[in-house]
Amino acid sequence: MSKQIQAIRGMNDILPDQSGRWQALEQVIRQLVASYGYSEIRMPIVEQTELFKRSIGEVTDIVEKEMYTFDDRNGDSLTLRPEGTASCVRAGNEHGLLYNQQQRLWYMGPMFRHERPQKGRYRQFHQVGVEAFGLGGPDIDAELIVMTARLWKALGLSEYLTLEINSLASNEARANYRAALTDYLQAHEAELDEDSVRRLASNPLRVLDSKNPAMADMLSRAPKLSEYWDEESRSHFTALCERLDAVGITYVHNERLVRGLDYYNRTVFEWVTESLGAQGTVCAGGRYDGLVGQLGGKHTPAVGFAMGLERLVLMLEHTQSLKVPDPVDIYIAAMGDSAELPALQVAEKLRDHVPHLRVMQHCGGGNFGKQLKRADKSGAALAIILGEAEVQAGTYTLKYLREARDQETVDWTTLLERVLILQSEKED
Ligand code: HAM
């Protein structure tokens with residue numbers, strides 16, 4: 001036998017026994033974004049490399065170390081998208097969606113980063129991103145956060161997630177702060193680890209992200225960004241907090257939350273959990289008022305977030321708090337040649353009459369025991385059995401697979417009644 005070819009490290013298959021949970025999660029998300037009036041946008045997975053360099057920033061981990069970049073056959077430098085915001089802005093500018101307009105958009109799909117794979121961190125992962133354009137106030141920032149809080153509630157995850165917020169203020173305020181922080185860190189250079197020394201030179205705010213316990217005390221005494229906030233950013237932040245308070249969303253103001261992408265200003269936020277180990281951020285975002293202009297459009301305020309679906313699925317596997325339906329409701333078994341065509345006919349008739357009913361018809365023949373075993377394995381609640389006697393009489397034998405209930409033989413009208421009850425119980 002020839003050697004099997006394996007998937008690429010950090011790029012996972014989502015197998016049939018997992019895809020039900022993914023679909024259930026995606027369904028909840030689709031309903032959520034629709035309930036806030038957001039429209040879906042679908043962008044290509046590959047973009048010009050320049051797009052990500054210009055938006056995420058040349059001296060970020062993503063652009064410096066993590067992008068899947070290659071030359072295509074024309075010699076153009078292309079990159080598998082590491083995130084969706086840049087593509088969304090590119091598409092918005094290109095199709096005139098942003099010019100003097102408001103847009104509330106969302107997208108879902110795979111993203112690619114060449115990071116070291118571990119639990120919750122992959123090289124191909126999936127995000128749902130939500131972006132709002134043309135709105136500069138704290139009201140829309142609050143809407144996005146409120147939306148995420150509603151999602152955690154729907155998924156049964158609220159108790160495991162904490163909201164951290166901060167403001168990166170204006171570019172000018174941040175530049176002043178950067179200078180003060182750089183002075184402080186230079187004075188403590190001996191206490192910095194290797195990674196932080198590198199960041200001090202390229203992107204000093206990112207030093208604040210360090211989880212190194214040896215640096216925790218020194219960093220806690222570093223100058224605080226909020227001491228450098230400009231007045232408008234301060235009142236924006238206060239107004240956001242007021243809104244969150246008004247709807248009972250609790251948050252922590254984390255002065256060291258700076259995010260790893262360069263495009264942010266003012267509001268930034270993350271939802272974090274302790275239940276996933278090192279990769280505890282399940283959802284993150286913020287305001288990026290400069291990006292639309294930076295990518296060639298007219299200055300347009302914008303804010304958004306993205307969540308990592310793998311991380312949410314991991315949490316949901318643990319909590320079991322999202323109902324994952326079995327893939328089959330009804331299994332149809334046919335005993336003997338004469339039952340085969342009537343079995344096919346009743347399967348189609350049921351699909352005609354009961355929307356969303358999932359009917360699996362036994363294929364491949366075999367004896368009663370074998371067919372029932374398959375029926376059981378399918379996860380169906382009910383098996384419909386057709387043998388010679390049923391065909392003669394125009395009846396159906398019903399076997400309840402998940403409840404202690406006697407088998408019964410019924411006509412079509414009763415069969416339909418039973419199936420409709422089953423279906424309505426499922427939807428409850
Ligand atoms: P990000 O913080 O780079 O932000 O990613 C958002 C989320 O994607 C993370 O919180 C995490 O849940 C998930 N994620 C990131 N990298 C990985 C990975 N290697 N494996 C698994 N999950 C991962 C952004 O991407 C911004 N575009 C968010 C945004 C939208 N800001 C404004 N609008």
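For the structure itself, look to the data block above.
The structure displayed is predicted, hence computed values, not measured ones.

(A) Up close: the packing of aromatic side chains. Taken as a whole and assessed by the stated rule, the structure comprises seven aromatic pairs. Ring geometry for Phe133 against Tyr288: centres 6.2 Å apart, planes inclined by 80°, an arrangement best described as edge-to-face. Taken together, the residues span a long stretch of sequence, with Phe133 in strand β6 (residues 124-133) and Tyr288 in the loop between β10 (281-287) and α10 (291-294) at a distance of 155 residues. For the pair Phe133 and Tyr288, a shared accessibility class is recorded, and that class is buried. Taking the centre distance of 4.8 Å and the plane angle of 55° together, the rings of Trp229 and Phe237 count as tilted. Each of the two residues, Trp229 as well as Phe237, counts as buried. Taken together, the ring pairs connect Phe133, Tyr263, Tyr264 and Tyr288 into an aromatic cluster.

(B) Just the sheet that holds strand β11 (residues 302-308), in detail. Ordered in space as β1-β5-β6-β11-β10-β9-β7-β8, the eight strands form an open sheet in which the pairing is mixed. Bordering the open sheet on either side are β1 (39-40) and β8 (252-253), each of which pairs with just one other strand. Against the sheet, helix α5 (residues 138-155) engages β5 (103-112), β6, β7 (162-167), β9 (265-272), β10 and β11, with an angle of about 20° to β11. Relative to β7, helix α9 (residues 231-246) is tilted by about 160°, and along the sheet it contacts β7, β8, β9 and β10.

(C) Inspection of empty space enclosed by the protein at higher detail. Counted by the stated rule, this structure contains one cavity of 30 Å³ or more. In this model, the largest cavity occupies a volume close to 50 Å³. Lining the largest cavity, in full, are Val59, Thr60, Asp61, Glu64, Arg198, Arg199, Ser202, Asn203 and Arg206. Sorting the residues of the lining of the largest cavity by element identifies α3 (61-66) and α7 (194-202) as the ones contributing at least two each. Per-element accounting of the lining of the largest cavity gives the leading share, three residues, to α7. Looking at the lining of the largest cavity, its residues break down into one nonpolar, three polar and five charged.

(D) The side chain of Ser55, seen in detail. Among the secondary structure elements, Ser55 is positioned in helix α2 (residues 49-56). Under the relative-accessibility criterion, Ser55 is labelled buried at 1%. Setting aside anything within four residues of it in sequence, one finds Ser55 in contact with Ala86, Asp262, Tyr263, Leu291, Gln294 and Leu295.

(E) Looking closely at the layout of surface pockets. The space that makes up the second largest pocket amounts to roughly 650 Å³. As for the second largest pocket, its lining consists of 18 residues, of which Pro325, Asp329, Arg358, Lys426 and Glu427 are closest to the centre. Considered class by class, the residues forming the lining of the second largest pocket number five nonpolar, three polar and ten charged.

(F) Looking closely at the site of the ligand. Around the ligand sit 26 residues in total, of which Glu83, Thr85, Glu115, Glu131 and Tyr264 are the nearest. Contact with the protein chains removes 96% of the 660 Å² of surface that the ligand exposes when unbound. Contributing elements (two or more residues each) for the shell around the ligand: β6, β10 and β11. Residue contributions to the shell around the ligand peak at six residues, all from β10. Tallied by class, the residues present in the shell around the ligand amount to eleven nonpolar, eight polar and seven charged.

Cut-offs and rules
Residues numbered from 1 in each chain as written. Predicted model: local features only at pLDDT ≥ 70, side-chain atom pairs only at ≥ 80, totals over all residues. Heavy atoms only, no water. Phe/Tyr/Trp six-rings, centres within 6.5 Å; stacked < 30°, edge-to-face > 60°. Helix = DSSP H or I, 4+ residues; strand = E, 2+ residues; numbered from the N terminus. Buried < 20%, exposed > 50% of the residue type's maximum accessible area, 1.4 Å probe, protein only. Pairing = 2+ DSSP bridges. Contact = heavy atoms within 4.5 Å. Axes fitted to C-alpha atoms, helices over the stretch in contact; angles between N-to-C directions. 1 Å grid on protein atoms, 1.4 Å probe; cavity = no way out; pocket = protein on both sides within 12 Å on 5 of 7 lines; lining within 4 Å. Points joined across faces, edges and corners; volume = space filled by probe spheres on them. Nonpolar A, V, L, I, M, F, W, Y, C, P; charged D, E, K, R; others polar. Near = heavy atom within 4 Å. Areas by Shrake-Rupley, 256 points an atom, 1.4 Å probe, with all protein chains shown as cover.

All we've got here are geometric facts, nothing functional implied.
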